Amino acid sequence: MTTSSCDFEKCEAIKENLKYIREKIANAAASSGRSENDVRLMAVTKTVDPVYINYSIDECGVDLIGENKVQEFLSKKDSLHLNGVAKHLIGHLQTNKVNKIVTEVDMIQSVDSLHLAKEISKRAGEAGITANVLLEINIGGEESKTGYDKKTLLSELSELSELSALKVNGIMIIPPICESEKELSKYFFEASETFSEIKEKSLTNFDMKILSMGMSGDYELAVKYGSNMVRIGSAIYGARIYK
Ligand SMILES: *Cc1c(COP(=O)(O)O)cnc(C)c1O
């Protein structure tokens, strides 16, 4: 990842985009009787040049970033102005990379199996920390996606609650691509219900407070259905260029 200088127009666009997104979030929160402060905005920074990530942190108030890949995050992090900024891993995590990342991020949003959860708890325990995680549910039951099968997750909750160096803070979903808003709403609603269902159980080592759903194309709808963390990449930084 090369660090170039900041292109003025691109920086202006990022600032405008964030202003627009924050307004939309505030309106969506208000329309569901909530305050804009209830909804946390994550800037998804995968493939984004550090110079633009730093601009959004230094000049636009971004205080939470999400990265998908362990290697990409580790190679970029020293170039980032991360003072006071929370870092979350949001992409699929392989068990053999857990020890590289568990002490580097504030939360792992992509826990999708008991096997992975156990490894995170084990490594966190060895490092003397508690790992904050979200459980990722494959809400559309799609073969092509990672994430917990909902039934499997519900059946493994008690085992998850026994992992002493793990703290479950909530759930994360990526819905399937939908033809209509109605269809998409169904997934957001289901995620919201599942979140409440797990919360009501008041399990040990669970503190259900984050419902992470909503991306560039659907965050307003997600907020209307109770999301309190939206993960937004391309609507802030522009289309991603994969190298
Ligand atoms: C890339 C990514 C996002 C952001 O996607 P955009 O559509 O660019 O906003 C959000 N969540 C996850 C898990 C992602 O991988």
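Thresholds, definitions, all that
- As a convention, each chain's residues are numbered from 1 in the sequence order in which they are written.
- At least 70 in pLDDT is required for a residue's local features to be given in this predicted model, at least 80 for side-chain atom pairs to be given and counted, and no such filter applies to totals for whole chains, interfaces and linings, which use all residues.
- Neither water nor hydrogens contribute to the side-chain values; these are computed over all heavy atoms in the structure.
- Helical segments are the DSSP runs of H or I of at least four residues, strand segments are the runs of E of at least two, and each set is numbered from the N terminus.
- Note on contacts: a residue pair qualifies if any of its non-hydrogen atoms lie within 4.5 Å across the two residues.
- Contacts described as polar in this section are N or O atom pairs within 3.5 Å, which, within protein, must combine one atom able to donate a hydrogen with one able to accept it, while residues neighboring in sequence count only if both atoms come from side chains.
- We call a residue near a given molecule or strand whenever any one of its heavy atoms falls within 4 Å of it.
- Method for areas: the Shrake-Rupley scheme with a 1.4 Å probe, in which residue coverage is limited to the protein chains shown.
- Residues are sorted three ways: Asp, Glu, Lys and Arg are charged, Ala, Val, Leu, Ile, Met, Phe, Trp, Tyr, Cys and Pro are nonpolar, and all the rest, Gly among them, are polar.
- A helix is expected to span 1.5 Å multiplied by its residue count minus one.
- Here's how the labels work: a residue is buried when its accessible area is under 20% of the maximum for its type, exposed when over 50%, partly exposed in between, all with a 1.4 Å probe on protein chains only.
- We call two strands paired when DSSP finds no fewer than two bridges between them.
- A clockwise path from the first strand over the helix to the second, with the strands pointing away from the viewer, defines a right-handed crossover.
- We define a nonpolar core as any set of buried Ala, Val, Leu, Ile, Met, Phe, Trp, Tyr and Cys residues linked to one another through side-chain atoms lying within 4.5 Å.

Side note on the environment of Asn169
Here is step 1 of the chain: Position of Asn169 among the secondary structure elements: in strand E6 (residues 166-173).
Here is step 2 of the chain: For the pair Asn169 and Asn132, spaced 37 residues apart in sequence, the C-alpha separation works out to 6.5 Å.
Here is step 3 of the chain: Leave out the neighbours within four places in its chain, and Asn169 touches Met107, Asn132, Val133, Leu134, Asp207, Met208, Lys209 and Ile210.
Here is step 4 of the chain: At 3.0 Å, the side chain of Asn169 forms a polar contact with the backbone oxygen of Lys167.

Let's talk about the site of the ligand
Here is step 1 of the chain: Looking at the ligand, the residues that line it are Val44, Lys46, Asn68, Ile90, Ile174, Met215, Ser216, Arg231, Ile232, Gly233, Ser234 and Arg240.
Here is step 2 of the chain: One nitrogen or oxygen atom from the side chain of Asn68 is found 2.7 Å from an oxygen atom belonging to the ligand.
Here is step 3 of the chain: Between the ligand and Arg231, the relevant distance is 2.9 Å, taken from a nitrogen atom to a side-chain nitrogen or oxygen of the residue.
Here is step 4 of the chain: When the free accessible area of the ligand is taken as 390 Å², the share hidden by the protein chains comes to 90%.
Here is step 5 of the chain: Split into classes, the residues belonging to the shell around the ligand amount to five nonpolar, four polar and three charged.

Thoughts on helix H1 (residues 8-31)
Here is step 1 of the chain: Its 24 residues place the ends of H1 35 Å apart at the C-alpha level, agreeing with the 34 Å of an ideal helix rising 1.5 Å per residue.
Here is step 2 of the chain: Along its buried surface, H1 packs onto strand E1 (40-44), helix H2 (50-60), helix H8 (219-224), strand E8 (229-232) and helix H9 (234-237).
Here is step 3 of the chain: Within two residues after H1, Gly33 carries a phi angle of roughly 70°, on the positive side.

A word on the pairing of E6
Here is step 1 of the chain: Of all eight residues in E6, seven are buried; the element is thus mostly enclosed.
Here is step 2 of the chain: Relative to E6, strand E5 (residues 131-137) is paired through seven bridges, and the arrangement is parallel. Its bridge partner lying in E6, Glu136 is registered against Met172.
Here is step 3 of the chain: What joins E5 to E6 is helix H6 (residues 150-160), and the crossover it makes is right-handed.
Here is step 4 of the chain: Inspection of the sheet shows E6 paired to strand E7 (residues 206-212) by four bridges, in the parallel sense. Each bridged residue has a counterpart across the sheet, and for Val168 the counterpart in E7 is Phe206.
Here is step 5 of the chain: Handedness of the crossover joining E6 and E7 through helix H7 (residues 181-200): right-handed.

A few points about the pairing of E1
Here is step 1 of the chain: The buried fraction of E1 amounts to four of the five residues, a majority that puts the element mostly inside the structure.
Here is step 2 of the chain: Inspection of the sheet shows E1 paired to strand E2 (residues 64-67) by two bridges, in the parallel sense. Note on E2: the bridge partner recorded for Ala43 is Ile65.
Here is step 3 of the chain: Read from E1 through H2 to E2, the crossover connection turns out right-handed.

Concerning the nonpolar core
Here is step 1 of the chain: Leu93, Ile108, Ile120, Leu135, Leu160 and Phe206 are the most contacted members of the largest nonpolar core, which totals 71 residues.
Here is step 2 of the chain: Considering every element that reaches this core, the biggest residue donor is H1, with seven residues.
Here is step 3 of the chain: Sequence-distant contacts of Leu135, that is, excluding residues within four places in its chain, are made with Gln109, Val111, Tyr148, Leu153, Leu157, Leu160, Val168, Gly170, Ile171, Met172 and Phe206.
Here is step 4 of the chain: Within the second largest apolar cluster, ten residues are counted, among which are Met42, Leu64, Ile90 and Ile210.

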